[in-house]
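# Structure assessment
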Amino acid sequence: METRPTYCRICEAACGLLADTENGEVLALRPDPDHVVSQGFVCAKGTRFTELHRSASRVDHPLERHEGRLRRTTWDTALGDVGAKLRAIRDRHGPNSIGLYIGNPTAFAYSMQVASLAFIQAIGTKNYFTAGSLDCNNKFAVSRQMLGSAATHPVPDIDHTNFALLLGTNPSVSQSSFVNAPRWIERLRAIEARGGTVVIVDPRRTETARSVGEHMAIVPDTDAALLLSLIHVVFEERLESGDFSRVNGLDELRAAARRFSPENVTGTTGISALRIRDLARRFARADGAFCHVSTGINQGTFGNIAYAAKIALELVTGNFDRAGGALYQKGITDIATMARLVGFDREPDWRSRIGNFAPVTGAMPTAILPDEILTPGEGQIRALIVVAGNPVLSAPDGARFAKALQQLELCVSIDMFVNDTAAYATHVLPATDFLEREDLPIVQFQLQPVPYAQWTDAVVEPRAERRNEARIFFDLARAAGLPLFGSRAADAAVRATVRLGGFKAMVLPSLIPGLGPRPLQRLRKNPHGVIVDREVRGSFLKKRIGTKSKRLELYPEPVWSRLDELESTLDASADSPTLRLISRRERLGHNSWMHSNPTLKTAAHAAHLSPADATRLGIARGDQLRISSKSGAIELPAEISENVTEGAVAIPHGYGHHKNSSWTSAIARGGVNVNQLAASGPDDLDPLSGMCQLIGIRVRIERIAATAAAE
Ligand SMILES: Nc1nc2c(c(=O)[nH]1)N[C@H]1C(S)=C(S)[C@@H](COP(=O)(O)OP(=O)(O)OC[C@H]3O[C@@H](n4cnc5c(=O)[nH]c(N)nc54)[C@H](O)[C@@H]3O)O[C@H]1N2
Ligand SMILES: Nc1nc2c(c(=O)[nH]1)N[C@H]1C(S)=C(S)[C@@H](COP(=O)(O)OP(=O)(O)OC[C@H]3O[C@@H](n4cnc5c(=O)[nH]c(N)nc54)[C@H](O)[C@@H]3O)O[C@H]1N2
Ligand code: SF4
Ligand SMILES: [Mo]
């Protein structure tokens, strides 16, 4: 038996793992106590990944649809067939008739990222979609406007702060996002142990809030107003500090915040003016404070304003660009510069056909993808390639998505499973999993409170006929006769580089500044990770800001364009008959793709209500409910929880699996697609970020049947 250090690539924490292998098989995955950052921390999803690696539901061979059913084919046939169809569709209808959807796991595989980019440019399509518009595009769009690059996000200096203000995140379960921080709870507890404060703003008393800090219950989708009221207090009580010499838009910010006094927002947020004032004072006076907002804010209506207000709050209290606050870490390599090179921050010169959206990080909003397929005319999407994604469950209105997919001439899924999207595919190509790929946590590089790098070789060879996604993209481009990156010269150079040095040869040179002339040797010598120098003095505003003015732009108009709309929510009557939907991730689930494990003991899918709302609506635990929004309706049993705030209903996403997906045990466990309650199409999307609303959706709840199962 042999033990190899590697790391988990399911979420942003990138925890160190030890893989026990024998004869090319993985026997077990264990926590790596020597990992430089995770230090032996893992979650059960990581250590139990062997079950998915070996799962009988995995796609192990290429599949093609024949007379309505997916059947096994060979790689040569599949690549030849898909390549020829891509070429024919492109020749007939132009490059934009081919769409790509890139799902969340792509973020954790450097080769998939580089190769998918090479492939998109080979096709030459503008119809490129990502999970970002379901998750975090508000952060990309706002950072680009305020800080000059979509890839720049000063990170919570979690180990040196004295005040952590968390909104819309539940790191005990999720490890959060836009920060690479395993051991969240331990690190939050350490803040309290050194006399600091942790405040968790969430409509639910989450697993995190039950473990550490003060919980502040908030009415869903009102955080932007709360954050502005904190800034209001800072200005009003003259609590601001720091140097504003590298900032534009302070007066506009002041004017905006003036409209959101604690007294004005208390009715909407459900938080007393006294408590808001106290929070603002403590945040401003702390010796080092950060504010971290995550998906519970991003997926709401005012994600842009909330992220801008987070940055502004840190800035006006002297906590932006400082140790103990939000600190930009250059880390191993400057991702912002790389991002710029690959066009991440390019001024977009194109717009979507549906809804006239500008791309964010080059990508269009996923919620318009069904319309781009269903609406006839020039540029209509006729072929779609989905890699590591499952938009039928993760995006709004899966039913409409499914309808659109069935209209495609070609629909290819590159995945580990026949997921709910692949259930409509013409071809399914078997992908590797992270144990079968080499990697380094490139996306995390600028999101690390402790900057480090780690290299892992593939732990084992791919099983059966699984293939690395990067290779699949390269082969598909060749089969379609299209040069990678859209250039014959680039195609030849990249293919030669990869032939000689593998995919890693494309990224290793970028690590030289941080790791010296032989980065791979250094990383291989230190298989538990290499920590590099941490920025301890804020250098971002002085040296690295990417805006044209070379100043932090506090008030770019597009970011704040919905301020009047936000202000109008302050008048809304508190006792509306509707409840508001909130998200709820599960410890052993991961979006839509980890519920299918026969040994999982996760609770049944349910709608979680507060006792007060249950009483008011005459609902008992286990009653079957009909939950409806303006966009759709679902039926689920009720769960009643003291932890849910009155007015909110929490429903996990990623359920409602297609009967033809390979996730048989998840299908047997039941559940429905909560995103049937979310609006698809261009009208309900944020105009700047293309984010769709997944939380804060107003829903009506009625009891349709009592159940004997209530205990
Ligand atoms: N176990 C597990 N881990 C995961 C995932 C998973 O599915 N399962 N998914 C991964 C992915 S892709 C991501 S992006 C990250 C996300 O990581 P997080 O952003 O931490 O996501 P959640 O755990 O869903 O936490 C969001 C919190 O927002 C709260 N919330 C909902 N609405 C509001 C609101 O209006 N205001 C406030 N203040 N809070 C609100 C919810 O109650 C919830 O507690 O997690 C990653 N990690
Ligand atoms: N209601 C609601 N909806 C949400 C959210 C929410 O909080 N509430 N969260 C949103 C968020 S944050 C996100 S990121 C999106 C996710 O949206 P998506 O990325 O579209 O969906 P996932 O469910 O993460 O599906 C990932 C797919 O990748 C496959 N996969 C996993 N690992 C690999 C791999 O190594 N290689 C390949 N080729 N495939 C792999 C899995 O089998 C699965 O089919 O969902 C969003 N949807
Ligand atoms: S927290 Fe769990 S899923 Fe995330 S990287 Fe660590 S072990 Fe993997
Ligand atoms: Mo996500």
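In what follows, the accompanying structure is described.

What counts as what
In this numbering scheme, every chain counts its residues from 1 along its sequence in written order. As they are written, the chains are lettered A onward and the ligands numbered 1 onward, keeping that order. In view of the model being predicted, local features appear only for residues whose pLDDT reaches at least 70, and side-chain atom pairs are presented and counted only at 80 or more, with totals across whole chains, interfaces and linings using the full set of residues. Excluding hydrogens and water, the side-chain figures rest on all heavy atoms present in the structure. Two strands make a pair as long as DSSP finds a minimum of two bridges between them. For the purposes of this entry, the term helix denotes a DSSP run of H or I that reaches at least four residues, the term strand denotes a run of E that reaches at least two, and both are numbered from the N terminus. For helices, the axis comes from a line fit to the C-alpha atoms of the stretch in contact; other axes are also lines fit to C-alpha atoms, and the angle between any two N-to-C directions lies between 0 and 180 degrees. Throughout, near means a residue has at least one heavy atom within 4 Å of the molecule or strand. Polar contact is the term for a pair of N or O atoms within 3.5 Å; when the atoms are in protein, one must be able to donate a hydrogen and the other to accept it, and sequence-neighboring residues count only if both atoms are side-chain atoms. All accessible-area figures derive from a Shrake-Rupley calculation using a 1.4 Å probe, and residue coverage is judged against the displayed protein chains alone. Think of a nonpolar core as a cluster: buried Ala, Val, Leu, Ile, Met, Phe, Trp, Tyr and Cys residues, connected wherever their side-chain atoms sit within 4.5 Å. Only protein chains enter the accessibility calculation, which uses a 1.4 Å probe; a residue is then buried when its area is under 20% of its type maximum, exposed when over 50%, and partly exposed in between. When checking whether two residues touch, look at their non-hydrogen atoms; a contact exists if any pair is within 4.5 Å. The way it works is a 1 Å grid over only the protein atoms, where trapped points that fit a 1.4 Å probe form a cavity and open points with protein on both sides within 12 Å along at least five of seven lines form a pocket, and then any residue with an atom within 4 Å of a point lines it. Grid points are joined across faces, edges and corners, and a volume is the space filled by probe spheres set on the points. When residues are sorted by character, Ala, Val, Leu, Ile, Met, Phe, Trp, Tyr, Cys and Pro go into the nonpolar class, Asp, Glu, Lys and Arg into the charged class, and all the rest, Gly among them, into the polar class.

## Here we look at the sheet that holds strand β25 (residues 648-650)
Two strands in a sheet stick together by hydrogen bonds in their backbones, pointing the same way (parallel) or opposite ways (antiparallel). Spatial strand order, β21-β25-β22-β24-β23-β26: six strands in a closed barrel with mixed pairing. Between one strand axis and the next, the sheet turns by 45° as a mean value, whatever way the strands run. The pairing of strand β21 (residues 579-582) with β25 spans three bridges and is parallel. Counted as the bridge partner of isoleucine 582 is alanine 650 from β25.

## Thoughts on the site of ligand 1
In the vicinity of ligand 1 lie 31 residues, with Thr169, Ser174, Asp221, Asp223 and Ser294 positioned nearest. Between ligand 1 and the protein, one listed contact pairs an oxygen atom with a backbone N or O atom of aspartate 221 at 2.6 Å. Alone, ligand 1 offers 920 Å² of accessible surface; in the complex the protein occludes 98% of this. Going through the elements one at a time, α6 (171-174) and α13 (295-298) are the ones with two or more residues in the shell around ligand 1.

## Regarding the nonpolar core
Judged by nonpolar contacts, the single largest core of 71 residues is most densely connected at Leu165 and Leu552. Excluding anything up to four places from it in sequence, leucine 165 contacts Val199, Val201, Leu230, Leu279, Phe283, Phe290, Cys291, His292 and Leu313. Grouped together as the second largest cluster of nonpolar side chains are 58 residues, Leu440, Ala477, Leu482 and Phe503 included.

## As for the layout of surface pockets
Considering only enclosed or pocket space, the second largest pocket measures out at about 620 Å³ in volume. Lining of the second largest pocket is provided by 34 residues; of these, Asp221, Thr301, Gln693, Gly696 and Ile697 occupy positions nearest its centre. Among the secondary structure elements, those contributing two or more residues to the lining of the second largest pocket are α14 (303-316) and α24 (563-568). Tallied by class, the residues present in the lining of the second largest pocket amount to 11 nonpolar, 14 polar and nine charged.

## Observations concerning the side chain of glutamate 586
Inspection of the secondary structure assignment puts glutamate 586 in the loop between β21 and β22 (607-609). For glutamate 586, the residues in contact, after removing those within four places along its chain, are Val173, His595, Thr602, Ala603, Pro652 and Tyr655.

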